[in-house]
Amino acid sequence: AGLRAAGGARRPRGRLGGAPTTPPSGPARARGLGCGCGFSSAALRRRLPAGSVVVGLDISLGMLATCTAAERIGGSMARPPLRSGPLFDAAISVSALQWLESPADLLECFLVLRSCCTAAARAVLQFYPKDKEHAAATVAAARQAGWPTARLLCCFPRTESPQRKWFCCVGP
C-alpha cells in the first residue's frame, strides 16, 4: 500500500526500499521506466551515491511535467527512445511493466533496455502479471534479450489478492 498522490498515483512506501538491489560504490546512472510523477525516481535517488543521475521515462507527458526527481524523457516502455551503448547501471519500474502484454512488446522493451545498460547492470521491475502465461512470457522475453538471470520474486505468495512480483535481472 502507498499514499495517494495527486492524479491518483500511489507513493511507493517501503516496497522500493525492499527491492533486491545493491547501490553502487560510486556515482551511477539509473533508468526509471514508467516514472510517472517521480516518486520511485526520488526513492532511487536517495539510495544512490552523490553525483548519480536518474533518467525517467513515461508515456504520459502530463505525469512527466510534475516529475522533479529525474531527468525526463517521454516515450513508451514498449519502444523506449534510447540509444544503444552502456548508459545505465540500473533500471527500475513500479507497475509499468504489466502494461506490456504482447511477446513482441516485451521482447522489444528488454532488447532496448539491455542495449543501453552496462554489462553488470541490474533491473528491478515491480509488476502484477495478469496470469502465469504473462509472467512466463516476461521472463522468456528478458532472457531472449540478453538478461540470462531474469527471474520473478513474489512478495506475498500465500495471499488471495493479486500477487505483486519483483522481476529481477542482472547483466551477464
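**A word on the nonpolar core**
Counting residues in each nonpolar core, the largest one holds 26 residues, and the members touching the most others are Phe88, Leu97, Leu106, Phe110, Leu113, Cys117 and Trp147. Taken together, the elements giving at least two residues each to this core come down to strand E4 (53-58), strand E6 (88-94), helix H3 (103-115), strand E7 (117-127) and helix H4 (132-144). Leave out the neighbours within four places in its chain, and Leu113 touches Leu33, Ala91, Ala123 and Trp147. Membership of the second largest hydrophobic core comes to seven residues, among which are Leu44, Leu48, Ala90 and Ile92.

**Here's the deal with the side chain of Thr118**
By the secondary structure assignment, Thr118 is in strand E7. Dropping the residues within four chain positions of it, Thr118 is found in contact with Arg29, Pro86, Phe88 and Asp89.

**A short note on the pairing of strand E3 (residues 29-33)**
A large share of E3 lies buried, amounting to four of its five residues. Pairing of E3 with E4 involves five bridges; the strand directions are parallel. When the sheet's bridge partners are listed, Leu33 is paired in E4 with Leu57. Handedness of the crossover joining E3 and E4 through helix H1 (residues 39-47): right-handed. Here three bridges tie E3 to E6, and the two strands are oriented parallel to one another. In the strand pairing of E6, Arg31 is matched with Ala91.

**A look at the packing of H3 against H4**
Each packed pair of helices is defined by two parameters, the angle between the axes and the distance between the axes. Orientation of H3 relative to H4, taken along the N-to-C sense of each, is 40 degrees, at an axis distance of 8 Å. Viewed along their axes, H3 and H4 form a crossing whose handedness is right-handed. Residue-level contacts link Leu106, Leu107 and Phe110 of H3 to His134, Ala137, Thr138, Ala141, Ala142 and Gln144 of H4. Of the residues belonging to the contact of H3 with H4, the class tally is six nonpolar, three polar and no charged.

**Looking at the pattern of salt bridges**
On inspection of all chains with the given rule, the structure shows one salt bridge. The partner of Glu101 in a salt bridge is Lys130, with the nearest N and O atoms 3.4 Å apart. Of the two residues, Glu101 sits in the loop between E6 and H3 while Lys130 sits in the loop between E7 and H4, which places them 29 residues apart along the sequence.

Rules behind the numbers
Residues numbered from 1 in each chain as written. Predicted model: local features only at pLDDT ≥ 70, side-chain atom pairs only at ≥ 80, totals over all residues. Heavy atoms only, no water. Core = buried A, V, L, I, M, F, W, Y, C linked by side-chain atoms within 4.5 Å. Buried < 20%, exposed > 50% of the residue type's maximum accessible area, 1.4 Å probe, protein only. Helix = DSSP H or I, 4+ residues; strand = E, 2+ residues; numbered from the N terminus. Contact = heavy atoms within 4.5 Å. Pairing = 2+ DSSP bridges. Right-handed = clockwise from strand over helix to strand, strands pointing away. Axes fitted to C-alpha atoms, helices over the stretch in contact; angles between N-to-C directions. Left-handed = near helix turned anticlockwise from the far one by under 90°. Nonpolar A, V, L, I, M, F, W, Y, C, P; charged D, E, K, R; others polar. Salt bridge = Lys/Arg side-chain N within 4 Å of Asp/Glu carboxyl O.

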